[in-house]
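# What the coordinates show
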Amino acid sequence: MIVEASAPGKLFLVGEYAVLDGAPALLSAVDRRVHVACEPAPDGHWRLTADNLGIHGLDLGNDLDIPAGLDAETRRRIAVFEAVRAHSAQALGAHLTAQHVAIDSRAFAQDGHKLGLGSSAAVAAALTAALSQASGETLDRAALATRAIAAHRTAQNGRGSGGDVATAVYGGLISYTRDQTPIPLTWPADLAAHALVTGTGASTPDLVARVADYAARAPQAYGRYLAQLHALADRVIDSLADSRAFIALAADYFAALCRLDAAAHAGIVTAQHFRLAELAAPHGGTFKSSGAGGGDVGLVFTHRGDAEKHLREALETAGARFVDLQFGAPGVRCETRPSPG
């Protein structure tokens with residue numbers, strides 16, 4: 001039997017960085033999905049294929065140890081796989097048997113550049129679900145999220161809030177506070193959101209590390225900036241009752257992020273971000289970075305109807321590139337089918 005699982009990407013709408021210190025974050029799953037397939041290995045050897053990472057039938061042996069001769073770059077590319085395998089083995093013991101695993105995350109890039117939709121988090125969620133089901137285990141979403149978040153943090157050397165993994169597991173629109181069960185929310189009927197290309201991708205661990213370094217260098221100043229972000233994040237759920245209030249809050253959050261970034265010199269906000277914000281404002285829209293920032297996708301919020309149409313036309317005329325995404329996508333899906341032949 002082959003177990004197939006998929007998990008959606010995510011976008012941080014509000015709450016990034018502050019979520020690392022306990023603030024609630026608003027996230028949405030999007031309709032770009034990672035796909036994972038697991039098939040029992042007849043020879044007892046684990047094998048991994050992830051074509052878009054340049055990994056083709058990598059033989060990982062018949063135990064859970066990484067082969068000694070594996071180069072550093074390949075180790076980096078398979079870090080999430082290895083972390084999920086290790087956490088799954090700890091939970092499942094002898095029930096976890098060797099698998100041939102195929103991972104496809106091509107949908108999370110555009111023109112060869114990553115979009116910042118949380119591909120590693122989606123892989124962690126989908127692979128955790130697939131290995132669980134392949135081992136005969138039944139996990140509810142809360143237990144699946146807990147295991148996948150722990151594995152993803154291991155792969156990221158302890159960094160990360162877990163919000164991206166939680167979104168991949170639960171899907172939809174959620175409010176997420178670190179290590180707590182997400183709160184499902186309803187998307188406001190008159191709120192429009194679009195994703196925009198802002199660069200060629202950014203390293204989330206690097207950006208988060210730079211902010212952490214600033215916090216260590218200037219704890220009092222960092223605390224003041226963080227308090228501003230936290231206060232805004234605390235108002236997000238209430239603001240969803242009125243799209244105008246939410247759009248204004250998103251603008252305020254981006255401004256607070258800009259102040260933090262100016263002090264930390266982290267690279268969260270780029271020249272392209274400022275340009276997109278200037279283009280959106282005259283048309284009643286709000287642009288903000290999403291997630292770690294840098295070259296990852298950004299967001300523009302406005303009201304549905306004519307305002308949305310005029311804003312999009314103005315941004316496209318100025319050369320902005322939209323990413324075709326649907327918000328509120330379903331979370332992890334997992335099914336079993338017979339192996340061919």
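Our subject in this report is the structure included herewith. The shown structure was predicted, so the numbers you read here are calculated from the model rather than taken from an experiment.

Conventions we followed
Residues numbered from 1 in each chain as written. Predicted model: local features only at pLDDT ≥ 70, side-chain atom pairs only at ≥ 80, totals over all residues. Heavy atoms only, no water. Helix = DSSP H or I, 4+ residues; strand = E, 2+ residues; numbered from the N terminus. Rg over C-alpha atoms; globule rule 2.2 N^0.38 Å. Buried < 20%, exposed > 50% of the residue type's maximum accessible area, 1.4 Å probe, protein only. Contact = heavy atoms within 4.5 Å. Areas by Shrake-Rupley, 256 points an atom, 1.4 Å probe, with all protein chains shown as cover. Lys, Arg positive; Asp, Glu negative; His and termini not counted. Charge placed at Lys NZ, Arg CZ, Asp CG, Glu CD. Phe/Tyr/Trp six-rings, centres within 6.5 Å; stacked < 30°, edge-to-face > 60°. Lys NZ or Arg CZ within 6 Å of the ring centre and 35° of its normal. Pairing = 2+ DSSP bridges. Polar contact = N/O pair within 3.5 Å; in protein donor to acceptor, adjacent residues only side chain to side chain. Salt bridge = Lys/Arg side-chain N within 4 Å of Asp/Glu carboxyl O. Expected span 1.5 Å × (residues − 1). Arc of directions from axis to C-beta.

## Observations concerning the overall build of the chain
Scanning the chain from terminus to terminus reveals eleven helices and 14 strands. A compact globule built from 341 residues would reach a C-alpha radius of gyration of about 20 Å, and the chain, at 20 Å, matches this within 12%. Structurally, the chain occupies a C-alpha span of about 65 × 45 × 35 Å along its principal axes. Among the 341 residues that make up the chain, the fraction classed as buried is 52%. Long-range contacts, defined as pairs at least 24 residues apart, comprise 72% of the intrachain contacts of the chain with a sequence gap of at least 6. In the form shown here, the chain has an accessible surface area of approximately 14,500 Å², with 51% of it arising from carbon and sulfur atoms. Taking the 29 positively charged and 35 negatively charged side chains of the chain as two groups, their mean positions are separated by 3 Å.

## Looking at the packing of aromatic side chains
Under the defined criterion, the tally for this structure stands at five aromatic pairs. Note on Trp187 and Phe327: the rings are 5.4 Å apart at their centroids and 45 degrees apart in plane angle, and the pair reads as tilted. Of this pair, Trp187 sits in the loop between β9 (183-185) and β10 (191-196) while Phe327 sits in the loop between β13 (322-323) and β14 (333-337); the two residues are 140 residues apart in sequence, bridging distant segments of the chain. With 6.4 Å between their ring centres and 75 degrees between their planes, Tyr214 and Tyr222 make a pair best called edge-to-face. Residue classification places Tyr214 among the buried positions, given a relative accessible area of 7%. In this structure Tyr222 comes out as buried when scored by relative accessible area, which is 13%. Between Arg85 and the ring centre of Trp46, over which it is positioned, the NZ or CZ distance is 5.0 Å. The ring centre of Phe322 lies 4.1 Å from the NZ or CZ of Arg312, which sits over that ring.

## Some points on the pairing of strand β2 (residues 25-40)
Sheet topology places strand β1 (residues 2-14) next to β2; eleven bridges connect them, and they run antiparallel. Counterpart to Pro8 in the pairing with β2 is Arg33. Pairing of β2 with strand β8 (residues 173-176), which is carried by four bridges, proceeds in the antiparallel orientation. Note that in β8 the partner of Leu26 across the bridge is Ser175. Pairing between β2 and strand β5 (residues 99-104): six bridges, direction antiparallel. Paired with His35 across the strands is Asp104, a residue of β5.

## Points about the environment of Ala263
Following the sequence through the fold, Ala263 ends up in helix α9 (residues 243-264). For the pair Ala263 and Leu207, spaced 56 residues apart in sequence, the C-alpha to C-alpha distance is 14 Å. Those residues in contact with Ala263, other than ones at most four positions away along the chain, are Tyr214 and Tyr225.

## Quick look at the environment of Gly61
Among the structural elements, Gly61 can be located in strand β4 (residues 55-61). As a C-alpha pair, Gly61 and Asp43 span 18 residues in sequence and 9.7 Å in three-dimensional space. Ignoring any residue separated from it by four or fewer positions in sequence, one finds Gly61 in contact with Gly44, His45 and Trp46.

## Re the side chain of Ser135
You can see Ser135 is positioned in the loop between α3 (119-134) and α4 (141-155). A distance of 3.4 Å separates a polar side-chain atom of Ser135 from the backbone oxygen of His95. Filtering out sequence-adjacent residues up to four positions away, Ser135 remains in contact with Leu92, His95 and Leu96.

## Structural notes on the pattern of salt bridges
In this structure the tally under the stated criterion is 13 salt bridges. Taking the shortest distance from any N to any O, the salt bridge between Glu16 and Lys288 comes out at 2.8 Å. Of this pair, Glu16 sits in the loop between β1 and β2 while Lys288 sits in strand β11 (residues 286-289); the two residues are 272 residues apart in sequence, bridging distant segments of the chain. In this structure Lys288 comes out as buried when scored by relative accessible area, which is 0%. A salt bridge links Arg85 to Glu82, with the nearest nitrogen and oxygen atoms 2.9 Å apart.

## With respect to helix α11 (residues 306-317)
Between the first and last C-alpha of α11 there are 16 Å, a value that for twelve residues agrees with the 16 Å anticipated at 1.5 Å per step. The complete set of buried residues in α11 reads Glu308, Leu311 and Leu315. The arc that holds the buried residues of α11, viewed along the axis, is 70 degrees, so those residues lie on one side. Those residues of α11 that are exposed and aimed more than 90 degrees away from the buried face are Asp306 and Thr317. Two residues or fewer past α11, Gly319 is found with a positive phi of approximately 95 degrees.

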